[in-house]
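# Examining the three-dimensional arrangement
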Amino acid sequence: MSRLAQTAGLTDIQQEIVSTVRDFVDKEIIPVATELEHRDEYPQQIVDGLKELGLFGLMIPEEYGGLGESLLTYALCVEEIARGWMSVSGIINTHFIVAYMLKQHGTQEQKDHFLSRMAAGDIRGAFSMSEPGLGSDVSAITSKAVKEGDEYVLTGQKMWLTNGGTSSLVAVLVRSDEGRPEGTAPHKSMTTFLVEKEPGFGEVRPGLTIPGKIEKMGYKGVDTTELIMDGLRIPANRVLGGTTGRGFYQMMDGVEVGRVNVAARGCGVAQRAFELGVQYAQQRHTFGKPIAQHQAIQFKLAEMATKVEAAHAMMVNAARKKDSGERNDLEAGMAKYLASEYCKEVVEDAFRIHGGYGFSKEYEIERLYREAPMLLIGEGTAEIQKMIIGRRLLEEYRFQG
């Protein structure tokens, strides 16, 4: 076990779960990740292994067949998985966000219908907010739902769905203006729909098309897709929570815990980059000695390790804050911002330590170098995190003049 990124105060069960996941990562993910990533191949065998471990139901309540664990436990497992291959943690994350939204906001019928099968991994979740013309500006969503009898008809195009092809349940955020006076704030006119579909590409149910995978420079293996709705009919009982107009708040609650997840991914990738850098520095010789004995490299390793430690501490703090039932948007924003930025810096330093070999696809650091940038934009860019942090600080430290 690494000396870095240790977490104090874990229960025996938490320690056992995290240790089990770490062993799985070392044996089943790290040895094959780079090869699968270069082929852009979905890691079906790895996903089946995670299913057997119960990871798809880690935070789903025990009454639905899950493990009923905390966000902290989940984040620590994500950190370990991302250390092996970040794409696998993305497969888990979107599923988890949908399960969390169902647990927190779903009707009893929706929970009974979905959560047991999600805990078993038989239903895989994805969620969809972004569109081709917008990313962080969720209020500008143009996809819409129009009520017709006991159904809603959805039209529009969504973008950047992780698990878009392999999922069988998608939580989709669209506009729903019926019954609301003109001038209603956009975020109060949005609804989340639970859309069931067949896994795969093409027309996956009448009115719903998943065109195919989007080609990316990194974050491969996991499928990232568009979603096109053209006369998609959804029954009214698949409005998340049973009431329209609450979708924005439901999605933001999901994204808030998703930011803890992205922070955990940043921590995991940074840890792996540090491991690769410190190992290579002891193996590579220049001027008659290992480069690890050169002061310049020692300084770099010291900076990398400190960043790994700091990011992990902030991620753990944000998870524990959410688990306590307190508002954690400030802590989650800080953790996501710091962990993603530090991840990029640690990966680049490890890349520099490798010298020319870091540019070769034979070395694992090349893959990490292409993966780290995704964390800078996933679940809100650094600039969005700074806006959230700044606004919350002004609330907390309001000048009483």
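Residues numbered from 1 in each chain as written. Predicted model: local features only at pLDDT ≥ 70, side-chain atom pairs only at ≥ 80, totals over all residues. Heavy atoms only, no water.

### Observations concerning the overall build of the protein
The helix and strand inventory of the protein stands at 10 helices and 10 strands. Rg of the C-alpha trace for the protein: 22 Å, near the compact-globule value of 21 Å for 401 residues, within the 12% margin. Each of the three principal axes of the protein carries a C-alpha extent, and together these read 80 × 60 × 40 Å. Each of the 401 residues in the protein was classed as buried or not, and the buried ones make up 56%. Sequence separation of at least 24 residues holds for 75% of the intrachain contacts in the protein that already meet a minimum separation of 6. Surface accessibility of the protein: about 17400 Å² in total, with carbon and sulfur atoms responsible for 51%. (Helix = DSSP H or I, 4+ residues; strand = E, 2+ residues; numbered from the N terminus. Rg over C-alpha atoms; globule rule 2.2 N^0.38 Å. Buried < 20%, exposed > 50% of the residue type's maximum accessible area, 1.4 Å probe, protein only. Contact = heavy atoms within 4.5 Å. Areas by Shrake-Rupley, 256 points an atom, 1.4 Å probe, with all protein chains shown as cover.)

### Brief notes about the layout of surface pockets
One number sums up the size of the largest pocket: a volume of about 1400 Å³. Lining the largest pocket are 45 residues, with Ser136, Ile377, Gly378, Glu379 and Gly380 positioned closest to its centre. For the lining of the largest pocket, the secondary structure elements donating two or more residues are α4 (86-105), β1 (125-128), β3 (151-162), α6 (247-283), α9 (364-375) and α10 (382-396). Counting residues per element, the lining of the largest pocket draws most heavily on α6, which supplies 8 residues. Broken down by class, the residue content of the lining of the largest pocket amounts to 18 nonpolar, 14 polar and 13 charged. (1 Å grid on protein atoms, 1.4 Å probe; cavity = no way out; pocket = protein on both sides within 12 Å on 5 of 7 lines; lining within 4 Å. Points joined across faces, edges and corners; volume = space filled by probe spheres on them. Nonpolar A, V, L, I, M, F, W, Y, C, P; charged D, E, K, R; others polar.)

### Description of the side chain of Glu37
Tracing the backbone shows Glu37 in helix α1 (residues 12-39). Residues within four places of Glu37 in sequence aside, it is in contact with Trp85, Gly218, Lys220, Arg367, Arg370 and Glu371.

### Section: the environment of Glu215
With respect to the element layout, Glu215 can be found in the loop between β7 (208-210) and β8 (224-235). Spatially, the C-alpha atoms of Glu215 and Thr225 are 9.1 Å apart, while their sequence positions differ by 10 residues. Among residues more than four places away in sequence, those in contact with Glu215 are Asp40 and Lys220.

### Quick notes on the UniProt feature "domain: Acyl-CoA dehydrogenase/oxidase N-terminal" (unreviewed entry) in the protein
Per the UniProt annotation, the sites labelled "domain: Acyl-CoA dehydrogenase/oxidase N-terminal" (unreviewed entry) are residues 11-122. With 75% helix and 0% strand, residues 11-122 has end C-alpha atoms that lie 29 Å from one another. (UniProt positions renumbered as here; feature names shortened; annotations may be inferred.)

### Quick notes on empty space enclosed by the protein
The method is simple in principle: a probe with the dimensions of a water molecule rolls over the atoms, and the space it marks as empty is what remains. What the rule picks out here adds up to 1 cavity of 30 Å³ or more. Space inside the largest cavity adds up to approximately 90 Å³. Lining the largest cavity are Leu55, Phe56, Leu58, Met59, Ile60, Tyr74, Ile92, His95, Phe96, Ala99, Tyr100 and Lys103.

### So, the nonpolar core
Within the largest apolar cluster, 101 residues are counted, with the highest numbers of intra-cluster contacts made by Ile29, Leu50, Leu102 and Met118. The element that contributes the greatest number of residues to this core is α6, accounting for 15 residues. Excluding residues that lie within four positions of it along the chain, Leu102 makes contacts with Gln110, Lys111, Phe114, Leu115, Met118, Leu169, Leu194 and Leu240. If you look at the next biggest cluster of nonpolar residues, it comprises 18 residues, including Val204, Leu208, Ile210 and Leu232. (Core = buried A, V, L, I, M, F, W, Y, C linked by side-chain atoms within 4.5 Å.)

### Observations regarding the pattern of salt bridges
Taken as a whole, this structure holds 33 salt bridges when the rule is applied. Residue Glu395 pairs with Arg327 through a salt bridge whose shortest N-O separation is 3.6 Å. Of this pair, Glu395 sits in helix α10 while Arg327 sits in the loop between α7 (295-323) and α8 (329-354); the two residues are 68 residues apart in sequence, bridging distant segments of the chain. Looking at Glu395, the relative accessible area reads 40%, which means it is partly exposed. In this structure Arg327 comes out as partly exposed when scored by relative accessible area, which is 46%. In this structure, Glu371 engages Arg367 in a salt bridge whose closest nitrogen and oxygen atoms are separated by 3.3 Å. Here Glu371 pairs with Arg367, and both are found in helix α9, just 4 residues apart, close to one helical turn. Judged by relative accessible area, which is 1%, Arg367 ranks as buried. Overlapping salt bridges bring together Arg22, Asp26, Glu80, Arg83, Arg272, Glu275, Glu364, Arg367 and Glu371 as one network. (Salt bridge = Lys/Arg side-chain N within 4 Å of Asp/Glu carboxyl O.)

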